[in-house]
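Now for the letters of each chain:
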Amino acid sequence: MTMLDTEKADPASSRATVMKEKIRRWWAEAPMTYGETHGTTEYHLPDGSVETVEIGTRRFFELADQRFYSWNTPLHQPDGPFSAIFDYKRFEGKRVLEIGCGMGCMAMNWAQRGALVTAVDLNPTSVSQTKLRFKQFGLDGDIRESDGESLPFEDESFDYVYSWGVLHHTPGTREALAEVYRVLKPGGQFGLMLYHRNSFLYRYTIAWVEGFVNMESRFLSPLELASRYSDGAREDGNPHTWPVTKREVRRDLVSQFGGVDIKVLGTDVPVILNVWLPRLAEKLLPLSWQKAMARRFGWSLWITGGKSL
């Protein structure tokens with residue numbers, strides 16, 4: 001069967017394959033470095049200076065991590081970065097899988113706290129950088145290039161599976177969650193961060209300002225609009241980003257899991273409020289109001305649950 005015959009036989013599958021390759025190439029060429037510009041390694045330091053480093057060096061990982069951690073300050077507790085959402089002690093000595101490892105920061109934290117870490121990513125840059133990180137920090141881990149929609153692991157292989165800000169970038173989010181369920185051991189747990197469509201960032205910044213006020217929705221579909229103005233927005237966006245709602249998560253993505261809980265993480269909300277009312281939001285809105293708005297209209301959904309015994 002020729003390529004043309006394949007496309008005629010299953011055009012939807014062919015389109016998904018083409019899109020997946022675009023996603024793979026885009027993130028390989030513009031990895032999540034947390035630099036001042038997406039994909040670069042220039043960082044503004046607290047003293048006002050600017051430092052540009054070589055990707056893959058220890059200094060690069062340190063600066064990228066500082067920036068990443070600063071965006072998620074409320075999630076850090078004495079047990080370590082992100083210990084408000086990750087139970088490191090519970091999974092010490094257990095098999096933990098990360099889907100979409102990026103530059104390897106989260107995988108590193110798990111490995112440093114005794115987990116048996118496996119990390120996968122669709123693009124080779126993330127895999128090579130995560131391997132470099134583990135080597136430089138003296139850590140052990142199984143780091144592989146793999147598609148989250150077709151994981152190369154046996155059924156019921158992992159005690160904990162998580163993914164942070166990745167699976168909204170694939171056209172097969174449902175298929176990826178089916179894989180999470182397959183490789184999770186009975187009694188195992190999962191954690192998943194997906195972008196939130198009912199958020200200030202999407203409803204105001206993307207749909208209202210860019211879509212309506214700037215009339216971008218006349219030329220772009222909702223999916224194209226979300227992709228254009230989310231990750232890499234200053235560089236004309238990325239190939240595929242589709243934020244979800246709580247209802248869609250429960251109905252379409254995690255119905256096979258038990259004990260599902262969904263929290264809204266809103267560290268972005270104060271920034272957006274100050275865009276609306278520069279310097280005034282923090283003065284006019286009590287902190288309790290800002291926190292309440294963050295819990296409802298934040299950009300990130302943190303979804304947890306497990307596989308029944």
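Each remark here, short or long, concerns the structure printed above.
Residues numbered from 1 in each chain as written. Predicted model: local features only at pLDDT ≥ 70, side-chain atom pairs only at ≥ 80, totals over all residues. Heavy atoms only, no water.

Participant: Provide a residue-level description of the packing of helix H3 (residues 58–70) against helix H4 (residues 105–112), including the pertinent values.
Facilitator: One can describe the packing of H3 onto H4 by two numbers: an axis separation of 11 Å at closest approach and a directional angle of 95 degrees. Our classification of the angle between H3 and H4 gives roughly perpendicular. Contact residues: Asp65, Phe68 and Tyr69 in H3; Cys105, Met106, Met108 and Asn109 in H4. (Axes fitted to C-alpha atoms, helices over the stretch in contact; angles between N-to-C directions. Helix = DSSP H or I, 4+ residues; strand = E, 2+ residues; numbered from the N terminus. Parallel < 35°, antiparallel > 145°, perpendicular 65-115°, else oblique. Contact = heavy atoms within 4.5 Å.)

Participant: Can you explain unusual backbone geometry? Please cite residues and give values.
Facilitator: Its identity is not glycine, yet phenylalanine 82 carries a phi of approximately 65 degrees, on the positive side. Relative to the assigned elements, phenylalanine 82 resides in the loop between H3 and strand S3 (95–99). With a relative accessible area of 0%, phenylalanine 82 lands in the buried category. One non-glycine residue, glutamate 156, adopts positive backbone phi at about 55 degrees. With a relative accessible area of 42%, glutamate 156 lands in the partly exposed category. (Buried < 20%, exposed > 50% of the residue type's maximum accessible area, 1.4 Å probe, protein only.)

Participant: Describe the pairing of strand S6 (residues 158–164), listing the residues and the values that go with them.
Facilitator: Within S6, seven of the seven residues are buried, which leaves it mostly tucked inside the rest of the structure. Alignment of S3 against S6, held across three bridges, turns out to be parallel. Looking at the pairing, glutamate 98 lines up with tyrosine 162 of S6. Pairing of S6 with strand S7 (residues 184–195) involves six bridges; the strand directions are parallel. For tyrosine 160, the partnering residue across the bridge sits in S7 and is glutamine 189. One crossover worth recording links S6 to the parallel S7 by way of helix H6 (residues 173–183), and it is right-handed. (Pairing = 2+ DSSP bridges. Right-handed = clockwise from strand over helix to strand, strands pointing away.)

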